[in-house]
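Inside the fold
Next come the chains, spelled out residue by residue.
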Amino acid sequence: MSKRLRVGMVGYKFMGKAHSNAYRSLPMFFPSAPLQPEMSVICGRNEQGVQAAASQFGWSESVTDWRELVRRDDIDLIDINAPSDAHKEIALEAACQGKHLFCEKPLALSLADSREMLKAAEEAGITHMVGFNYRFSPAVQLAKDLIESGRLGKIYHFRAFFLQDWILDPNFPLVWRLQKEVAGSGSHGDLGAHLIDLARFLVGEFQEVIGMSETFIKERPLASEMTGLSAKGSSSADAPKGEVTVDDATLFLARFAGGALGSFEATRFAAGHRSTNSFEINGSLGSVRFDFERMNELEVYFTTDDEDVQGFRRVLATDPAHKYAEAWWPAGHTIGFEHTFTHEMLELVTAISEGRQPSPSFHDGVACQAVLEAVERSVAERRWVPLEEM
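Residues numbered from 1 in each chain as written. Predicted model: local features only at pLDDT ≥ 70, side-chain atom pairs only at ≥ 80, totals over all residues. Heavy atoms only, no water.

What to know about the pattern of salt bridges
Evaluated as defined, the whole model comprises 29 salt bridges. Several salt bridges converge on common partners, so that one network encompasses Arg135, Asp197, Arg200, Glu205 and Asp364. (Salt bridge = Lys/Arg side-chain N within 4 Å of Asp/Glu carboxyl O.)

Written out as structure tokens, the structure is:
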């Protein structure tokens, strides 16, 4: 394979901008990456909008038909960050055309659909990756190293929450993320999926779950315009409204195959929390705490410290000893949200070059979807649901 990786991307809004920035940053900060992405074609339904995105983000060409895009001979990788209901159809056709795949999470609207996507990718012999970018924070990678090296001992607890408040206003419009037929689920699949992936990445596989959920605002004004997590619509009392068909908040408990216990909370109704993505892990020899709002830091506690200095210490994960950090700035000079996507793309191009599957792959997307649906089944049937049942 040549040093170029010719990318065709479907989607151009929130995640489209994040992915575009990653492709542009990779050659500058990781010049030794085995493949360098070439931003060939960007695709979106709105011709004027996608043309503007192509110019702003640095894509060579724009198109409005994803079917045309995936069949082109001059494209190696299809990047899917369109709304969730489009993932499966695009991925299946792209796999049929022999294109490598990167797909944002959640992988599909259902476990059955995600398994179908994985099967198609495996049968095509292509590289496939799902977008769980928070894994790629240096501080999260440090937590992973501490666990795998045994420095935290036997893991007893994983507790996590992802809290937002962007739809707290009952007059916020009915965006696609609030419609089950498009998004699949609400805070559970959007935010909880990230927590589930972090738990699997750090602690291991789920054994069983039990959960509850709630939709606090049942109807919202119809949206006249939406971009990313913002939207416009009428706030008048007589404005037409539509039904919210997803959860506003979902909480669940879990047992892990390795014996640890877990608790998870995902909500868009936590006033004052713009995007609080946090976890704590407790082991027999120590603990770690992480909050993405302070993403460069990992709080670490070891029971083996002398009693007079025991306590959580703040580790700034910006030194060369921390994964990815050496590529960016001098120690102490922090990185941000966008850098996790660059690290994600580095893993993708390296995996393609080495002929292996990246981490996380569609296998991880399917495993996450299984947990999501097990929780939904638990909510509906008010019982513990074993993952082996899925």
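Next comes the rest of the account.
With respect to the UniProt feature "domain: Gfo/Idh/MocA-like oxidoreductase N-terminal" (unreviewed entry) in the protein chain
Feature annotation in UniProt places "domain: Gfo/Idh/MocA-like oxidoreductase N-terminal" (unreviewed entry) on residues 5-132, given in this structure's numbering. End C-alpha to end C-alpha, residues 5-132 measures 21 Å, and it is 44% helix and 23% strand. (UniProt positions renumbered as here; feature names shortened; annotations may be inferred. Helix = DSSP H or I, 4+ residues; strand = E, 2+ residues; numbered from the N terminus.)

Considering the state of the cysteines
Tallied over the entire structure, the rule returns zero disulfides. Summary of cysteine pairing: cysteine 103 is not part of a disulfide, and the nearest cysteine sulfur, belonging to cysteine 368, is at 12 Å. (Disulfide = S-S within 2.5 Å.)

Section: the sheet that holds strand β6 (residues 128-131)
Within a beta sheet, neighbouring strands are joined by backbone hydrogen bonds and run either parallel or antiparallel to one another. With respect to topology, six strands assemble into an open sheet ordered β3-β2-β1-β4-β5-β6, the strand pairing being parallel. Edge positions in the open sheet fall to β3 (61-63) and β6, since each of these has one partner strand only. Strand-to-strand, the axes of this sheet are offset by a mean angle of 25°, without reference to chain direction. Of the strand pairs in this sheet, strand β2 (residues 36-43) and β3 are connected by three bridges, and their pairing is parallel. Across the sheet, cysteine 43 pairs through a bridge with valine 63, a residue of β3. (Pairing = 2+ DSSP bridges. Axes fitted to C-alpha atoms, helices over the stretch in contact; angles between N-to-C directions.)

Digging into unusual backbone geometry
Following lysine 105, the chain continues to proline 106 via a peptide bond in cis, the omega torsion being -15°. With respect to the helices and strands, the residue proline 106 is situated in the loop between β5 (100-104) and α5 (111-124). A cis amide bond links serine 359 with the next residue in sequence, proline 360, at an omega value of 10°. Tracing the backbone through its elements, the reader meets proline 360 in the loop between α9 (337-354) and α10 (362-381). One non-glycine residue with positive phi stands out, namely tyrosine 324, at about 75°. Mapped onto the elements of the fold, tyrosine 324 is located in the loop between β18 (313-316) and α9. The phi dihedral of arginine 382 is positive, around 55°, even though this residue is not glycine. Mapped onto the secondary structure, arginine 382 falls in the loop between α10 and β19 (385-386). Overall, the relative accessible area of 76% leaves arginine 382 in the exposed class. (Buried < 20%, exposed > 50% of the residue type's maximum accessible area, 1.4 Å probe, protein only.)

As for the environment of proline 34
Relative to the assigned elements, proline 34 resides in the loop between α1 (14-29) and β2. Note on proline 34: relative accessible area 25%, which makes it partly exposed. For the pair proline 34 and leucine 5, spaced 29 residues apart in the sequence, the C-alpha separation amounts to 9.8 Å. Not counting residues up to four positions away in its chain, the partners in contact with proline 34 are Lys3, Val349, Thr350 and Ser353. (Contact = heavy atoms within 4.5 Å.)

Re the side chain of arginine 72
Mapping arginine 72 onto the fold places it in the loop between α3 (66-70) and β4 (77-80). The residues contacting arginine 72, other than those within four sequence positions of it, are Val41, Glu61, Val63 and Lys99.

Some thoughts on the sheet that holds β18
If you walk across this open sheet you meet the nine strands as β18-β17-β16-β15-β7-β14-β13-β8-β19, and the pairing is mixed. The strands lining the two open edges of the sheet, one partner per strand, are β18 and β19. Here seven bridges tie strand β13 (residues 249-256) to strand β14 (residues 261-267), and the two strands are oriented antiparallel to one another. Directly across from leucine 253, in β14, lies its bridge partner serine 263. Sheet contacts for helix α6 (residues 138-148): β7 (155-163), β15 (276-283), β16 (286-291), β17 (297-302) and β18; angle to β17, the most-contacted strand, approximately 25°.

Quick word on helix α4 (residues 87-96)
When α4 is considered as a whole, its buried residues turn out to be His87, Ile90, Ala91, Glu93, Ala94 and Ala95. Glycine 98 occupies a position one or two residues after α4 and carries a positive phi of about 80°.

Looking at the environment of histidine 128
Considering the arrangement of structural elements, one finds histidine 128 in strand β6. Taking C-alpha positions, histidine 128 is 9.3 Å from alanine 95, a pair spaced 33 residues apart along the chain. Once you skip the residues sitting within four places of it in the chain, histidine 128 turns out to touch Leu101, Leu118, Ala121, Glu122, Gln357, Pro358, Pro360, Ser361, Phe362 and His363. Looking at histidine 128, its side chain comes within polar contact range of the main-chain nitrogen of phenylalanine 362, at 3.1 Å. (Polar contact = N/O pair within 3.5 Å; in protein donor to acceptor, adjacent residues only side chain to side chain.)

Observations concerning the nonpolar core
In terms of nonpolar packing, the biggest core is built from 109 residues, with Ile78, Phe206, Val209, Phe264 and Phe279 touching the most fellow members. Sequence-distant contacts of valine 209, that is, excluding residues within four places in its chain, are made with Phe252, Leu253, Ala254, Val371, Ala374, Val375, Ser378, Arg383, Trp384, Val385 and Leu387. Core analysis: the next-biggest nonpolar cluster, separate from the first, contains ten residues, Leu174, Leu178, Val246 and Phe269 among them. (Core = buried A, V, L, I, M, F, W, Y, C linked by side-chain atoms within 4.5 Å.)

Re the pairing of β16
Two strands pair when backbone bridges link them, and β15 and β16 are joined in this way by five bridges, in the antiparallel orientation. Across the sheet, phenylalanine 279 pairs through a bridge with phenylalanine 290, a residue of β16. Linking β15 back to β16 in an antiparallel pair, the connection comprises two residues. Bridging between β16 and β17 involves four bridges; their strand directions are antiparallel.

Let's talk about the packing of α4 against α5
Packing of α4 against α5 leaves a shortest axis separation of 9 Å and a crossing angle of 15°. When the axis of α4 is compared with that of α5, the two are roughly parallel. Our pair here, α4 against α5, has a crossing hand that is left-handed. On the side of α4, the interface is formed by His87, Lys88, Ala91, Leu92 and Ala95, while α5 contributes Asp113, Glu116, Met117, Ala120, Ala121 and Ala124. By residue class, the composition of the contact of α4 with α5 is seven nonpolar, one polar and three charged. (Parallel < 35°, antiparallel > 145°, perpendicular 65-115°, else oblique. Left-handed = near helix turned anticlockwise from the far one by under 90°. Nonpolar A, V, L, I, M, F, W, Y, C, P; charged D, E, K, R; others polar.)

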